[in-house]
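A closer look at the structure
Given next are the chains, with one letter for each unit.
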Amino acid sequence: MLAIAGGKGGVGKTTTALALADAYVRQRRRPLVADADRGMPNCHLCAGTSGERGVAALASGTPLDACVEPARVPPGTDVLAGGDAAPESYLDDLPTDRPVLVDTAAGAGADVGAALAAADSAVVVVTADRDAVRDGLKSAALARALGTPVAACVVVATTGDVTGIERVVEAPAVPVPASATPLADAAVEAAYDRVAGVIGPNP
């Protein structure tokens, strides 16, 4: 399980979750993206699913297979839509035999902490501006305080040198170019293939 985290809203956590899932599809896996953002659950909108079923149904005892929907974008990925359910009420019900990416809320609240604590590792998402990096450092620090290693840092909307960000976050950093259609952009796909390679083998 990978927790996709970042202190600042709007940096690209949801896009990263879906694009990284797409990278695992290219590795012939069937990933699951779970939206753990109760405040702004938009993963199903980006993935083109209805969002009618999701984490609240799973938390209430509905079997996982009845809660997930296949994404239209990117194809080959299953999506568990967000809703009004605390992450600790359903995270233990997520599978362990396939890549699971948990799209967390912004900031460092209790829901983010629960997702980070449950995950095997975290991916921190930032943009190259100073405030976003500062917030990303807080996410990385929270993950490590909870015993969860930071596997990678995704630096969205840049093709520049990210070695300085890599040094301060203390995790391999991968730049992802800006794109109006990131889930249908070959250069973005290549960048997330590199992220998947940095993270290493998955179940």
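Residues numbered from 1 in each chain as written. Predicted model: local features only at pLDDT ≥ 70, side-chain atom pairs only at ≥ 80, totals over all residues. Heavy atoms only, no water.

1. Things to note about the side chain of Lys13
Relative to the helices and strands, Lys13 is located in helix α1 (residues 13-26). Buried and without a salt bridge, Lys13 has Asp103 as its closest oppositely charged side chain, separated by 5.8 Å. A distance of 3.5 Å separates the side chain of Lys13 from the backbone oxygen of Lys8, its partner in a polar contact. Setting aside its immediate chain neighbours within four residues, Lys13 contacts Ile4, Ala5, Gly6, Lys8, Asp103, Thr104, Ala105, Ala106 and Val125. (Helix = DSSP H or I, 4+ residues; strand = E, 2+ residues; numbered from the N terminus. Buried < 20%, exposed > 50% of the residue type's maximum accessible area, 1.4 Å probe, protein only. Lys, Arg positive; Asp, Glu negative; His and termini not counted. Salt bridge = Lys/Arg side-chain N within 4 Å of Asp/Glu carboxyl O. Polar contact = N/O pair within 3.5 Å; in protein donor to acceptor, adjacent residues only side chain to side chain. Contact = heavy atoms within 4.5 Å.)

2. What to know about the UniProt feature "domain: CobQ/CobB/MinD/ParA nucleotide binding" (unreviewed entry) in the protein
Under the local residue numbering, the UniProt record ascribes the feature "domain: CobQ/CobB/MinD/ParA nucleotide binding" (unreviewed entry) to residues 2-135. For residues 2-135, the helix share is 32%, the strand share is 18%, and the end-to-end C-alpha distance is 19 Å. (UniProt positions renumbered as here; feature names shortened; annotations may be inferred.)

3. Section: the side chain of Thr127
For Thr127, the location among the structural elements is in strand β6 (residues 121-127). Side-chain polar atoms of Thr127 contact the side chain of Asp129, separated by 2.4 Å. Once residues within four sequence positions are removed from consideration, Thr127 is found in contact with Val11, Ala132, Val133, Val155 and Val156.

4. Details of the pairing of strand β5 (residues 100-103)
Taking every second residue as pointing to the same face, both faces of β5 are buried, with Val100 and Val102 on one and Leu101 and Asp103 on the other. By the bridge criterion, three bridges tie strand β1 (residues 2-5) to β5 in an arrangement that is parallel. Its bridge partner lying in β5, Leu2 is registered against Leu101. Pairing analysis gives four bridges linking strand β2 (residues 32-35) to β5, with the strands arranged parallel. The residue bridging Asp35 from the neighbouring strand is Asp103, located in β5. (Pairing = 2+ DSSP bridges.)

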